[in-house]
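Take a look at the letters that make up each chain.
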Amino acid sequence: MRKRFCAFICAVTMMVPQFNIYVLADGSQAKVSAEVLVVNPKLKLGSKKNVPTKSEFKKINKKVAKGKKAKITSKKIKTEEKLFTTGFKSNFVTVSPVSDFIDYKGNYSFAFNDEKKLYIKRLSDKLKVVKTIKTKMRYKLLGGVVADNLGYYYVAWGNADEKGTGTVTTFAVSKYDYNGNYVGECPVKMTDAFTSTQIPFSAGNCAMTIVDKTLVCSYAKMMFNGKQSNEVVCVNTDTMERVANYYSYTSNSFDQRVLGTNDGKVIFADLGDTDSRGFNITYSEMVGDKLCYNKYVPFHFFGKAGDNYTNALLGGVAETKDGIVFVGASAKSISSSVYSQEPQLFMMLLDSKTGAVKSKGKTRKGTSANKSVKDKGIKWLTNYGKKKGVNLCKVTAIEGDNILVMWETNKNYIYSDSYYMIVTPKGKVVQKPTSLGKHRLNGNEEIVYKDGCIYWVAGNGTGKVTVNKMKLGAVK
C-alpha cells in the first residue's frame, strides 16, 4: 500500500499513539487514533494542540499505512528438481511445474517431477516435510496432481505423438493410494485423425477438479490437424474408466480453469482466441442421462480470430451464494489502443444458472473477431496507468461469502510487487489492496485455501522452493 500525506483516507487496524485532530504545517488536518488514521485537507475543524513534528508524523503514517496485513510464514524446502514457477505475461501459459492441494487428512502437499520420478511432499501445519512419496514417471510429461477425500491421488500424464502415428497414448490419468502405490489408470488414445490430441499441454494449462466420483480435466492440446484447443477428459474415480459427464470446447484455448459447484455443475473458464475471442465460460452438467452445456463470453478481446495476442490474463472462477465470480486482467478497451495499454484487474458476477452478468459496473464497446461487441458489468479493481499492469491473477472463495484476489504487477515489463485484496461477490471492497512484500506467486497454479489460510509454492530454479502460508488477518 502506498504511503501518502494529505491525499486520501486510509483505514487500518494497527496500534498507534493517541492523538486528536491536528493541523499540519501545510494546512491539512490529521486524526490519529488507535485504529484509524484519516488525512483530509478539506477538514475545517481541528486543534493545533500537541501537533507532531513532520518526522514524527511521517513515522506514524508509515506504521499505520502498513495496516493489519495477512501474516505470511515461509519455509525453504529442498526439492529433487530445480523448479521455476514464476509467471510472466505471454500469449499463452504453460503447465505449472508444481501442483499443490489439501489431502484427505487436511495436509497441505505439493507435487513435482524430474525425468525419472514423480514426487509428492506432504507437509505439517508448520510447513515441515513429514513424508515424500516417490514413484516412477509413467509418461514423459506431467500435467498435474490432485487428491480426493478418500486418500487417493490422481495424476494427469501425457506423451507427444511426434510422428503422428496415432498409436501413442497422448493423455492418461493414473490413480495412487495414500502411500503412493499404483492402483489403476485411464489411458486416452487417438479417436480420429483430425481433432484428437497429438501434443498434450501445448500452449496452455492442465486444470483438474473432482466432482462426486468424477475427475474432470481440461487441458490444452495440439490436434492432429495442426490447430490448438482445450480437451476435456472425465474419469470415474472408482472404475478409472472414461465417462462423458461434462464437456467444454474452446479453440484456441491458451489457459484453462475448472470449478465444481455445490449443485453438481462444472464451470470451465478458457482464454479463447478464435470466433469466441474472449474469456469463455462454459456451464456443464448431467440432466438425467443427458449431457448439457452452455457457453458464454462475458468479456471480449480486440482483434481478429486467431490473432494469438489478447493482452489478457485468466484469473479464475469462484462460487458464492450470489453467483459465480469471474476474475481476470485485460486492457480496458476493445480497440487498437489495447496495444499501448497494460492489463488491469477486474471481476464480474455471473448468474449461477443462466450465466447472465449480474454485477453492476463499467460497459465497454468495440470489435472482436470482426464483430461488434458490448461487455457490461465490469468491476475494475486496478487502474495503474500506461506503464504498470497486472502480470498474473488468482481468485478463490473464502469465509463470509467473500472473494480473495491475488495478483502480481510489473512496471516497464519488470516485476514490481505482489498483492491481495478481499471483495464481496458484488465487488464491494472489504480489504483494500495490500502488498505481500514481494512474495512471488506461482504463475500457473490456482490458489489453495483452507481454514483462513492461503498456501502456495514459489520456485526460482535453485533446487529449493519457498512454501508460503498466509493467514488472513481481520478485515476492515
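Asker: I keep staring at the sheet that holds strand E32 (residues 448–450) and nothing clicks. Help me out?
Answerer: Hydrogen bonds between backbone atoms are what pair the strands of a sheet, whose relative direction is either parallel or antiparallel. Strand order in this open sheet of four strands is E5-E34-E33-E32, and the pairing throughout is antiparallel. Of all the strands in the sheet, just strand E5 (71–78) and E32 have a single pairing partner and so form its edges. In this sheet, neighbouring strand axes are inclined to one another by 25° on average, regardless of whether the strands run parallel or antiparallel. Bridge count between E32 and strand E33 (residues 453–459): three bridges; the pairing is antiparallel. Paired with Tyr 449 across the two strands is Ile 454, which belongs to E33.

Asker: Explain the sheet that holds strand E11 (residues 153–158) to me, please; I cannot follow it from the model alone.
Answerer: Pairing is antiparallel across the open sheet formed by four strands, whose spatial order is E10-E11-E12-E13. Each of the sheet's edge strands pairs with one partner strand only, and the pair in question is strand E10 (141–147) and strand E13 (182–188). For this sheet, the mean inter-axis angle between neighbouring strands, taken without regard to orientation, is 20°. Pairing analysis gives six bridges linking E10 to E11, with the strands arranged antiparallel. Each residue of the ladder has a partner; that of Ala 147, found in E11, is Tyr 153.

Asker: Just checking my understanding: could you explain a nonpolar patch on the surface for this structure?
Answerer: On the surface, Tyr 247, Tyr 249 and Tyr 293 cluster together to form a nonpolar patch covering roughly 290 Å² of accessible area. By secondary structure assignment, the location of Tyr 247 is in the loop between strand E18 (242–243) and strand E19 (253–260). Using a relative accessible area of 32% as the deciding quantity, one classes Tyr 247 as partly exposed.

Asker: Help me out: how do you make sense of the side chain of Asp 255 in this one?
Answerer: The residue Asp 255 is located in strand E19 in this model. Take Asp 255: its relative accessible area is 3%, and that puts it in the buried class. A distance of 3.4 Å separates polar atoms of two side chains, one belonging to Asp 255 and the other to Asn 205. Engagement of the side chain of Asp 255 in a polar contact is seen with the side chain of Arg 257, the distance being 2.9 Å. When residues no more than four places from it in sequence are discounted, the contact partners of Asp 255 are Val 93, Asn 205, Ala 269, Asp 270, Leu 271 and Leu 314.

About the criteria used
- Residues numbered from 1 in each chain as written.
- Predicted model: local features only at pLDDT ≥ 70, side-chain atom pairs only at ≥ 80, totals over all residues.
- Heavy atoms only, no water.
- Pairing = 2+ DSSP bridges.
- Helix = DSSP H or I, 4+ residues; strand = E, 2+ residues; numbered from the N terminus.
- Axes fitted to C-alpha atoms, helices over the stretch in contact; angles between N-to-C directions.
- Patch = residues over 30% accessible without salt bridge, like charges linked within 9 Å, V, L, I, M, F, W, Y side chains within 5 Å.
- Areas by Shrake-Rupley, 256 points an atom, 1.4 Å probe, with all protein chains shown as cover.
- Salt bridge = Lys/Arg side-chain N within 4 Å of Asp/Glu carboxyl O.
- Buried < 20%, exposed > 50% of the residue type's maximum accessible area, 1.4 Å probe, protein only.
- Polar contact = N/O pair within 3.5 Å; in protein donor to acceptor, adjacent residues only side chain to side chain.
- Contact = heavy atoms within 4.5 Å.

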